[in-house]
Every structure is written in structure tokens, then in C-alpha cells.
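In case you want the letters, here they are:
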Amino acid sequence: MSNNSRLTRVGVFYDGNFFAHVSNYYLHKHDRGARISISGLHEFIRNKVAENEGSDSRYCQIVDAHYFRGRLSAQEAEKRNMLLGERSFDDVLMRAGVTTHYLPLGPNGEKGVDVWLSLEAFELAMYKRFDVSVLVAGDSDFLPLVRKLNTLGTRVLLLGWDFEYLDADGRQRATKTSQALLEEVTYPVLMHQVIDDRTLRNDRLVNGIFMPVVEPRQREALASAAAATERNRSEIAPRPIDTEPLPTERRHGVVQNLLEGYGFIKPADGGDNLFFYNKAVSGAEFKALAIGDAVSYVLGRNNKGLCAEAVQLGARVATPAAAADPASTLE
């Protein structure tokens, strides 16, 4: 069997916090406006390994992939409305054949995740004899791991990113991959250069790194279809037993969460968050709303209980402090 037809065994190791940061950057700050696709990134990795190893991509296979990250407790994630998002991403990783490794996220952030990744990556490379280990990371803390992998004869491909952006407070933020790490690995790849290379803008592998972008019209059509489905369900489902008339005065709150075609309002006077449809917004477009916006509404009912109707943007929100000091109300 010739060298270029021998199977090249590839192991992939994700610094989950770094990967999430990069994916959020491309979704919220970059012209791409899309998250990174795990399956698309794996296809890019296979072809990049084949290019560097001088073989056919068919003979470069990812035999192990592992994702490491600190994680909030289920209760804390639910309080922050993050539980569904985390479970959905777990489904993505599971479908892509990625094994997850989570450590409890403490009050001071992640502790021990880098060490755990390094130990697992070294042990698996030693016992499974990876030809190439791939690191999706940028921290110099992984430098000892790379040196240890070099002693095993395992080549290391590094996917790193450098980028700058303005945060929500208008402050300049920068992410840079460790120069020492780039110099120590066998195959350094600065992904921001690959992605922003205009000569590759029609490249199938580069474009495949990102999830498909849903155009605004498609998004509205999907939201309308979801709303129609919900209406059909409500017509079939039994009506709530509670038929007492609801108060008609306008109430106040803050937009707590926004999803495709609907959202939730946190009432200023306390209590459970209230669901509202995009069509319940009056005087403004639903897409003009943002999390944290002050709104007013009237109580309504759907088949699941109380909801918000006739939602209007820019109303005053009464807070405990505002009750004592009218000047402290939020416009």
C-alpha cells in the first residue's frame, strides 16, 4: 500500500469556550452573519489534513472528536433562559459524533478545562496512535500539550483565529492566537485569513464552514407558519377553564427574550414571564424590539394561560426605586 493511500487517523479537540466565542463573533459581528457548522468544519479539517499530508481526503478520517467546556448547573441555565440553547447544541455535537466533556462552571469561571483537554488529548493520541491531532484553540496554555504530542510523532494541526470587534458597551475587544503555539505546531492555520480571503469566497469547503443563512423573508415565512400551526392547535385544544374577565388597564414590563416570531416579557410588578406573538406588537415592527426594551401591554389569554397582547414599545416601566422617585423611571 502506498503512503498516499494509507489511512490517516485524525483526532479533533475543541476548547469549547474558544469555539463558542469564535462562533458568536461570526454570527453577531462578522459579515457572514452565521454560526460555524461542526460538520462543515470537520469536512474542512479532513481536506486540510489531506493537503498537508499529501494524501487523498478519502484516506483522512476523523476517528475521534472531543469538546471541552465549563457548564452552568441545569437550574442556573434555566434561570438565564439558556437551557434549551445548551441542549440544542448538545444535539448538534451528538449528530456530528463529538464526545462532550463538561466541568461545573464556578463563580470565577472555567477552572481545569484546559488541563483536562490536554490530558485527554495526550492519552488518546498515545493509545489510539493518531497521525494528526487537531486543536481548535488559541491559548498558550496548550503549548506543553503540543510539545508532548511532538514527542509521540503526532503531527498537530492548529485552527486559530485573530479578530477585533466592539462589544455591547462600545469597547474594543481583540482575540489573538498565541504566537508561541503557532510556531510549535506542525500545521498552523489562521482561519480568519482563510475565511476572509476574497479568492476563496466561492470555495465550497470555506462556505461549508458556516450554517446556512436564513434570509429575512424566509425567517418571516417560518415565523408565520409557526404562528399558523399554533393557532390551529389552539382551535383544537380545549379552552382554559378560567373565563373570568381580565383587567383592561395597560401594564408595564421589559422584553426578557426574543425568538423566531415570538418573545417573553418580564412584568415590572413581578410574576411569571408572559408570552407574546410577533403580531401582538402594535406601533412598531416585531424585529425592532430588543432584549431589555421597556414595553407596555394588556393581559390576554391563549390556550396555555395568560399572555401579553397589544404590546407597545417605549412605555415607562415602574420599578421599586421608581415608586419612591418618579425621576428614576425608565423611558
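Owing to the predicted nature of the structure, the values given are computational and were not obtained by experimental measurement.

## As for the overall build of the protein chain
When helices and strands are tallied, the protein chain shows eleven helices and 13 strands. Of all 331 residues assigned to the protein chain, the portion counted as buried reaches 38%. If you sum the accessible surface of the protein chain, you get close to 19,200 Å²; carbon and sulfur atoms cover 51% of it.

## Notes on the pairing of strand β2 (residues 60–71)
Here strand β1 (residues 8–15) runs beside β2; their pairing, made up of eight bridges, is parallel. Directly across from V10, in β2, lies its bridge partner I62. With six bridges connecting them, β2 and strand β3 (residues 99–104) associate as parallel partners. Among the inter-strand pairings, F68 is bridged to a residue of β3, identified as H101.

## Remarks on the nonpolar core
In terms of nonpolar packing, the biggest core is built from 38 residues, with I36, L41, L159, W161 and M191 touching the most fellow members. Setting aside its immediate chain neighbours within four residues, I36 contacts F19, V22, S23, Y26, L41, W161, I209, F210 and M211. Counting residues in hydrophobic clusters, the runner-up holds 21 residues, among them F13, V113, L135 and L158.

## Quick word on the pattern of salt bridges
Tallying each qualifying case throughout the model produces 18 salt bridges. Here K287 and E285 are joined by a salt bridge, their closest N and O atoms 3.7 Å apart. Among the ionic contacts, a cluster of salt bridges with common partners joins D167, D169, R171 and R173.

## Quick word on a nonpolar patch on the surface
Taken together, the side chains of M126, Y127 and L152 present a nonpolar region at the surface, about 310 Å² in accessible area. Following the sequence through the fold, Y127 ends up in helix α5 (residues 113–128). Take Y127: its relative accessible area is 63%, and that puts it in the exposed class.

## As for α5
The periodicity of an α-helix, 3.6 residues per turn, causes residues three or four places apart in sequence to face the same way. Its 16 residues place the ends of α5 22 Å apart at the C-alpha level, agreeing with the 22 Å of an ideal helix rising 1.5 Å per residue. Buried residues of α5: V113, L117, S118, A121, L124 and A125, and no others. Here the buried residues of α5 occupy an arc of 145 degrees about the axis, which is enough to place them on one side. Summarising the geometry of α5, the exposed residues directed more than 90 degrees from the buried face are V115, L119 and Y127. Where α5 is buried, its residues meet β1, β2, β3, β4 (132–136) and α6 (143–152). Just past α5, the residue R129 takes up positive phi, approximately 55 degrees.

## Structural notes on the confidence of the model for the protein chain
Here the protein chain shows a mean pLDDT of 85. Residues at 70 or above account for 83%. Between residues 233–241, whose pLDDT stays under 50, and residues either more than four places distant or in other chains, the model counts five contacts. With pLDDT under 50 throughout, residues 315–331 is counted as low confidence; its partners more than four residues away or in other chains account for 26 contacts.

## A word on the environment of V136
Structurally, V136 can be placed in strand β4. On the accessibility criterion, V136 (0% relative accessible area) is buried. Sequence-wise, V136 and F19 are 117 residues apart; in three dimensions their C-alpha atoms are separated by 7.0 Å. If we skip the residues at most four places from it in the chain, V136 touches V12, F13, Y14, D15, F18, F19, L159 and W161.

The rules behind the values
Residues numbered from 1 in each chain as written. Predicted model: local features only at pLDDT ≥ 70, side-chain atom pairs only at ≥ 80, totals over all residues. Heavy atoms only, no water. Helix = DSSP H or I, 4+ residues; strand = E, 2+ residues; numbered from the N terminus. Buried < 20%, exposed > 50% of the residue type's maximum accessible area, 1.4 Å probe, protein only. Areas by Shrake-Rupley, 256 points an atom, 1.4 Å probe, with all protein chains shown as cover. Pairing = 2+ DSSP bridges. Core = buried A, V, L, I, M, F, W, Y, C linked by side-chain atoms within 4.5 Å. Contact = heavy atoms within 4.5 Å. Salt bridge = Lys/Arg side-chain N within 4 Å of Asp/Glu carboxyl O. Patch = residues over 30% accessible without salt bridge, like charges linked within 9 Å, V, L, I, M, F, W, Y side chains within 5 Å. Expected span 1.5 Å × (residues − 1). Arc of directions from axis to C-beta. pLDDT = per-residue confidence, 0-100.

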